[in-house]
Amino acid sequence: MSSWREELASFELEVMYNTTLSDFSVRVTNDEGDTPVLSAVDTEPLGELMADLFRTGGYGTVFVKGPVDSAGSYKVSRLEFVDAVSTLSEDATDLTGDEAPSSLATVGMLVDFVRTQSEGVRLPLQLGISATGIAPIQGVEFEPVGG
């Protein structure tokens with residue numbers, strides 16, 4: 001079985017291929033006006049993704065590869081990490097205090113939780129520091145690389 005890092009390296013190629021050659025809208029910009037695109041896999045520790053997101057300024061579009069089924073298929077979810085204060089509804093679920101997830105939780109656990117939150121989620125970018133928000137999840141269809 002491959003590690004999540006090996007799976008992520010392979011998936012990053014799919015994300016580059018699909019975001020370059022398709023009409024996916026990448027709407028999230030950071031404070032510098034860039035549109036960061038990140039990749040994650042469901043078994044990746046959440047702390048790894050949040051560290052990557054922190055390096056991009058806290059905002060960006062994250063494509064997450066879901067679990068692979070017995071036929072070798074998987075779903076891809078798009079998370080939009082946005083400015084929690086100005087973008088999310090005040091009814092968004094707040095996980096910035098005592099409810100903050102562990103950095104050892106998986107990205108898949110976060111995706112599963114965010115799917116249940118119609119108003120989005122406020123999440124600590126780094127424990128005890130600034131907050132970011134996740135807009136409601138959208139599923140996407142990826143084309144296979146080279147297909």
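Residues numbered from 1 in each chain as written. Predicted model: local features only at pLDDT ≥ 70, side-chain atom pairs only at ≥ 80, totals over all residues. Heavy atoms only, no water.

J.: Can you explain the overall build of the protein chain? Please cite residues and give values.
T.: Helix and strand content of the protein chain: three helices and seven strands. N-terminal to C-terminal, the α/β element order of the protein chain is α-β-α-β-β-β-α-β-β-β. In the protein chain, which comprises 147 residues, the proportion classed as buried is 41%. Within the protein chain, residue pairs in contact and separated by at least 24 positions form 67% of the contacts whose partners lie at least 6 positions apart. (Helix = DSSP H or I, 4+ residues; strand = E, 2+ residues; numbered from the N terminus. Buried < 20%, exposed > 50% of the residue type's maximum accessible area, 1.4 Å probe, protein only. Contact = heavy atoms within 4.5 Å.)

J.: I'd love a proper account of the packing of aromatic side chains, names of residues and values included.
T.: Aromatic ring pairs: the centre-centre distance and the angle between the two ring planes describe each pair. One pass over the structure, following the stated rule, counts one aromatic pair. With a centroid separation of 6.5 Å and an interplanar angle of 85°, the aromatic rings of Phe 11 and Tyr 74 are classed as edge-to-face. Taken as a pair, Phe 11 in helix H1 (residues 4-21) and Tyr 74 in the loop between strand E2 (60-65) and strand E3 (76-82) lie far apart in primary sequence, 63 residues in all. For Phe 11, a relative accessible area of 0% corresponds to the buried category. Residue class for Tyr 74 comes out partly exposed when judged on its relative accessible area of 25%. Over the aromatic face of Tyr 74 sits the side chain of Lys 65, whose NZ or CZ is 4.5 Å from the ring centroid. (Phe/Tyr/Trp six-rings, centres within 6.5 Å; stacked < 30°, edge-to-face > 60°. Lys NZ or Arg CZ within 6 Å of the ring centre and 35° of its normal.)

J.: Lay out the pairing of strand E1 (residues 37-41) in plain terms, naming residues and giving numbers.
T.: Looking along a regular strand, one sees side chains alternate from face to face of the sheet. For E1, the tally of buried residues reaches four of five residues, placing the bulk of the element in the interior. Pairing of E1 with E2, which is carried by five bridges, proceeds in the parallel orientation. Looking at E2, one finds that Leu 38 is bridged to Val 62. Read from E1 through helix H2 (residues 46-55) to E2, the crossover connection turns out right-handed. (Pairing = 2+ DSSP bridges. Right-handed = clockwise from strand over helix to strand, strands pointing away.)

J.: Lay out helix H3 (residues 107-115) with the relevant residues and their values.
T.: Residues that lie three or four places apart on an α-helix share one face, since the helix turns once every 3.6 residues. Looking at H3, one finds that the buried residues are Val 107, Gly 108, Leu 110, Val 111 and Val 114. Summarising the axial view, the buried residues of H3 lie within an arc of 160°, below the 170-degree limit, and thus occupy one face. Exposed and oriented more than 90 degrees from the buried face of H3 are Met 109 and Asp 112. (Arc of directions from axis to C-beta.)

J.: Before we move on, could you go through the nonpolar core and cite the residues and values that matter?
T.: In this structure, Leu 49, Met 50, Val 62, Val 64 and Phe 81 are the most contacted members of the largest nonpolar core, which totals 18 residues. Elements represented by at least two residues in this core include exactly E1, H2, E2, E3, H3 and strand E5 (121-124). Core analysis: the next-biggest nonpolar cluster, separate from the first, contains ten residues, Trp 4, Phe 24, Val 41 and Phe 63 among them. (Core = buried A, V, L, I, M, F, W, Y, C linked by side-chain atoms within 4.5 Å.)

J.: Outline the pairing of E5, supporting the account with residue identities and numerical values.
T.: Along E5, one buried face is formed by Val 121 and Leu 123 and the opposite face, lined by Arg 122 and Pro 124, is buried too. The sheet contact formed by strand E4 (residues 93-94) and E5 spans two bridges and is parallel. Counted as the bridge partner of Asp 94 is Arg 122 from E5. Of the crossover connections in this fold, the one passing from E4 over H3 to the parallel E5 is right-handed.

J.: Please provide a residue-by-residue account of the side chain of Glu 44, values included.
T.: Topologically, Glu 44 is positioned in the loop between E1 and H2. Among buried Asp, Glu, Lys and Arg side chains, Glu 44 stands out as unpaired, with Arg 5 the closest opposite charge at 7.1 Å. When sequence neighbours within four positions are dropped, the list of residues in contact with Glu 44 reads Trp 4, Leu 8, Ser 39, Leu 49, Asp 52, Ala 105, Thr 106 and Val 107. (Lys, Arg positive; Asp, Glu negative; His and termini not counted. Salt bridge = Lys/Arg side-chain N within 4 Å of Asp/Glu carboxyl O.)

Note that every value here comes from positions in space, so none of it alone points to a role or purpose.
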